[in-house]
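Residue-level structural notes
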Amino acid sequence: MQFGYTILYVEDVTQTIAFYEAAFGFQRRFIHEAGDFGELETGATALAFSSLRLMTELGKNPQRASASAPSFEIAFTTADVPAAVQRAVAAGARLVQAPEKMPWGQTVAYVADLNGVLVELCTPVAGG
């Protein structure tokens with residue numbers, strides 16, 4: 001078995017993918033012609049988005065993300081967390097927590113995307 005993708009439920013798939021391209025530098029894999037589903041190239045596992053409207057039509061009860069009361073977060077690793085935070089905020093992300101060096105040596109910061117998704121920007125965890 002292989003982990004294929006994570007799907008975030010968002011209001012506007014096209015706008016969200018454009019934000020992730022600008023804020024984090026990911027490349028668009030595709031957006032379905034109806035605009036209700038799309039994916040980004042993020043490495044071995046894709047990051048995907050589905051519209052809240054489509055999920056409701058499919059009988060689901062999707063909830064909006066909230067960075068102030070998160071039920072999950074996504075994390076992107078980078079060697080330069082302060083620069084990544086600056087780029088994300090310039091693209092419209094909201095700063096949640098400024099970069100901070102953790103006791104285990106990792107630098108971690110948090111931003112909220114335009115949908116309220118909590119995004120961790122961090123240096124890779126050192127192997128133990």
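Things to note about the overall build of the chain
- When helices and strands are counted, the chain shows three helices and eight strands.
- The N-to-C order of helical and strand elements in the chain reads β-α-β-β-β-α-β-α-β-β-β.
- The C-alpha atoms of the chain give 15 Å as radius of gyration, which agrees with the globular expectation for 128 residues (14 Å, within 12%).
- Projecting the C-alpha coordinates of the chain onto the three principal axes gives extents of approximately 45 × 35 × 25 Å.
- Split into buried and exposed, the 128 residues of the chain put 40% on the buried side.
- Here the contacts in the chain between residues at least 6 apart in sequence split such that 51% fall between residues at least 24 apart.
- As displayed, the chain offers around 7400 Å² of accessible surface, 53% of which is attributable to carbon and sulfur atoms.
- For the chain, the separation between the mean place of its 8 positive charges and that of its 13 negative charges on side chains is 1 Å.

Regarding the sheet that holds strand 5 (residues 74-77)
- Strand order in the open sheet made by the four strands is 5-8-7-6, with mixed pairing throughout. Looking at which strands have only one partner, the edges of the open sheet turn out to be strand 5 and strand 6 (94-101). Sheet twist, expressed as the average angle between the axes of neighbouring strands with direction ignored, equals 15°.
- With five bridges connecting them, strand 6 and strand 7 (residues 107-112) associate as antiparallel partners. Its bridge partner being in strand 7, Gln-97 is matched across the sheet by Tyr-110.
- Together, strand 6, strand 7 and strand 8 (118-122) form the strand contacts of helix 3 (residues 81-90), whose direction differs from that of strand 7 by roughly 5°.

A short note on the pairing of strand 5
- Only one face of strand 5 is covered, namely the face carrying Ile-74 and Phe-76; the face carrying Ala-75 and Thr-77 is uncovered.
- In this sheet, strand 8 lies alongside strand 5 in parallel orientation, the contact comprising four bridges. Paired with Ile-74 across the strands is Val-119, a residue of strand 8.

Parameters and conventions
- Residues numbered from 1 in each chain as written.
- Predicted model: local features only at pLDDT ≥ 70, side-chain atom pairs only at ≥ 80, totals over all residues.
- Heavy atoms only, no water.
- Helix = DSSP H or I, 4+ residues; strand = E, 2+ residues; numbered from the N terminus.
- Rg over C-alpha atoms; globule rule 2.2 N^0.38 Å.
- Buried < 20%, exposed > 50% of the residue type's maximum accessible area, 1.4 Å probe, protein only.
- Contact = heavy atoms within 4.5 Å.
- Areas by Shrake-Rupley, 256 points an atom, 1.4 Å probe, with all protein chains shown as cover.
- Lys, Arg positive; Asp, Glu negative; His and termini not counted.
- Charge placed at Lys NZ, Arg CZ, Asp CG, Glu CD.
- Pairing = 2+ DSSP bridges.
- Axes fitted to C-alpha atoms, helices over the stretch in contact; angles between N-to-C directions.

These figures come from the coordinates and say nothing about function on their own.
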